[in-house]
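So the chains spell out like this:
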Amino acid sequence: MRSSRKWDTCVDALAAVIQPVWTLTFAIPHGVLSFIGILSDFQEFVDIGAEEEPFTPSLELRTLSRNGRIAISHSSNSRHSRNLPSNINSKVKGESHQDIKMSAPMQDPGEKSLSKLLATLTTILHPTTFVFATLKDEAHAPPMSEVQLFFRESEGITVITSLYCAKLHNLEYFFPCKMITLNVTSSLEAVGFMAVIATRLATKEMGVNPVSGFYHDHLFVPLGREHEAIETLAELAEEKKREAGL
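Per-chain numbering applies: the sequence of each chain, read as written, is numbered from 1 onward. pLDDT decides what is reported in this predicted model: residues at 70 or higher carry local features, side-chain atom pairs at 80 or more are listed and counted, and totals for whole chains, interfaces and linings draw on all residues regardless. As a rule here, side-chain values cover all heavy atoms of the structure and leave hydrogens and water aside.

## Points about the nonpolar core
Now for step 1: Among the nonpolar cores identified, the biggest contains 18 residues, and Leu121, Leu182, Phe193, Ile197, Leu201 and Leu219 are the most heavily contacted of them.
Now for step 2: Numbering of helices and strands runs from the N terminus; a helix is a DSSP stretch of H or I covering at least four residues, while a strand is a stretch of E covering at least two. Those elements giving two or more residues to this core turn out to be α4 (114-119), β4 (173-182), α6 (193-202), β6 (217-222) and α7 (226-244).
Now for step 3: Every residue pair with non-hydrogen atoms within 4.5 Å of one another is taken to be in contact. Setting aside residues no more than four positions away along its own chain, Leu201 makes contact with Met206, Val208, Leu219, Ala229, Thr232 and Leu233. Buried Ala, Val, Leu, Ile, Met, Phe, Trp, Tyr and Cys residues that are joined via side-chain atoms within 4.5 Å together make up what is termed a nonpolar core. Exposure is judged per residue with a 1.4 Å probe applied to protein chains only, and the accessible area is read against the type maximum: over 50% gives exposed, under 20% gives buried, and values in between give partly exposed.

## Observations concerning the pattern of salt bridges
Now for step 1: Salt bridges are defined by distance alone: a side-chain nitrogen of Lys or Arg within 4 Å of a carboxyl oxygen of Asp or Glu. By the definition in use, this model includes 6 salt bridges.
Now for step 2: One salt bridge in this structure joins Arg200 and Glu239, with 3.0 Å as the shortest N-O distance. On the criterion of sequence distance, the pair formed by Arg200 in helix α6 and Glu239 in helix α7 is long-range, its members being 39 residues apart.
Now for step 3: Residue classification places Arg200 among the partly exposed positions, given a relative accessible area of 21%.
Now for step 4: For the salt bridge of Lys241 with Glu238, the shortest nitrogen-to-oxygen distance reads 3.9 Å. Highlighted residues: Lys241 and Glu238, both in helix α7, separated by 3 residues, approximately one helical turn.
Now for step 5: Judged by its relative accessible area of 30%, Lys241 is partly exposed.
Now for step 6: Judged by its relative accessible area of 40%, Glu238 falls in the partly exposed class.

## Focus on the packing of aromatic side chains
Now for step 1: Only Phe, Tyr and Trp rings take part, Trp by its six-membered ring, and two of them pair if their centres are within 6.5 Å. Stacked means planes under 30 degrees apart, edge-to-face means over 60, and tilted covers everything else. Scanning the model with the defined rule gives 4 aromatic pairs in all.
Now for step 2: Ring geometry for Phe132 versus Phe175: centroids 5.9 Å apart, planes at 65°, classification edge-to-face. Residue Phe132 is located in strand β1 (residues 123-135), and its partner Phe175 is located in strand β4; the two are separated by 43 residues in the primary sequence. Phe175 shares its class with Phe132; the two are buried.

## Notes on α6
Now for step 1: Restricting attention to buried positions, one finds in α6 the residues Phe193, Met194, Ile197 and Leu201. Projection of α6 onto a plane perpendicular to its axis shows the buried side chains occupying an angular sector of 90°, all on one side.
Now for step 2: On the buried face of α6, the contacting elements are α4, β4, β5 (209-212), β6 and α7. Think of the arc as the fan of directions from the helix axis to the C-beta atoms.

## Some words on the side chain of Thr181
Now for step 1: Looking at the secondary structure, you find Thr181 in strand β4.
Now for step 2: You can call Thr181 buried: its relative accessible area is 6%.
Now for step 3: A distance of 2.9 Å separates the side chain of Thr181 from the side chain of His218, its partner in a polar contact.
Now for step 4: Sequence-distant contacts of Thr181, defined by excluding residues within four places in its chain, comprise Thr122, Thr123, Ile124, His126, His216, Asp217 and His218. We call two N or O atoms a polar contact when they sit within 3.5 Å, provided that within protein one can donate a hydrogen and the other can accept it, with sequence-adjacent residues counted only if both atoms are side-chain atoms.

## Here's the deal with the pairing of β4
Now for step 1: The buried fraction of β4 amounts to 7 of the 10 residues, a majority that puts the element mostly inside the structure.
Now for step 2: When DSSP finds at least two bridges between two strands, those strands are taken to pair. Pairing of β1 with β4 involves 7 bridges; the strand directions are antiparallel. Residue pairing in the sheet places Thr129 in a bridge with Lys178 of β4.
Now for step 3: Pairing of β4 with β6, which is carried by 6 bridges, proceeds in the antiparallel orientation. Looking across to β6, one finds that Thr181 is bridged to His218.

Read these as geometric descriptors, not functional statements.
This is the structure we're talking about:
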C-alpha cells in the first residue's frame, strides 16, 4: 500500500515537471509561429500597397458622378480599388485637380457682321401654333419632347409649347403665335441684329417675342400675322442686299 502511494506521488511530481516543459516545447513555439505568420501577411500587404499607385478617380468617373450615375468615395486607396475596371482605376500622374483639363469653350460658328446678317436673311415659317404658359414647378410641365422653350424665372417657369399640348395637359396659356426662324447663323455676340428686326416689325405695329438659340434666332409673332411678318422681313433683306451691292 505504501509502495503504491509513493508511486502515485512520483507520477504527480513528474507530471508537474513535464507539463511546463511541454508548454514551452510546443504551445509557445506554435503561438510564436502564428504571430510570425501574421507579421508576414501584414508585410506582404504593405509591400503590395507600396508597389501600387494610389487610386485616383479618372476624369470620366468624376463626370459620371456629377451626373448622378456613379457615386464613389475619394478615399479609395484600398484593396477594393484594385478590382475596379482599368478605365476607372487610373491615375492622373503629376496633375492636381486644377491641372485636369476640363471642357473648353467651342468656336463661335455664327456671323457677327450686322450688314451681312441682314443682307443674307431668309426665314422659315413653322406650321405649329405655339402658346406661352407659366408653371409653378416642374411637376406640372408637359413632356420635354413637346416643349419648345423652358425658362426658369423667380416667379415661375415659362414654357412655350404647342396649343394642342397646352389643351391636352389643361394648361392656362397666353399669346397664340407662330414661330419664324431667321435662317442665318448669327453669333450670340452679334450686335443690333434683333434690334433692327424688332424695329422693322414695330413699324407694322406688330408685337414680337424673340428667342435666341445657339445657331439661330426665332420670332414668335401673333397668330394670323405671320405672313405679314415674313413679307416685312423679306423687304428688309432686299434693302440690305442693295446697300451691300449683292
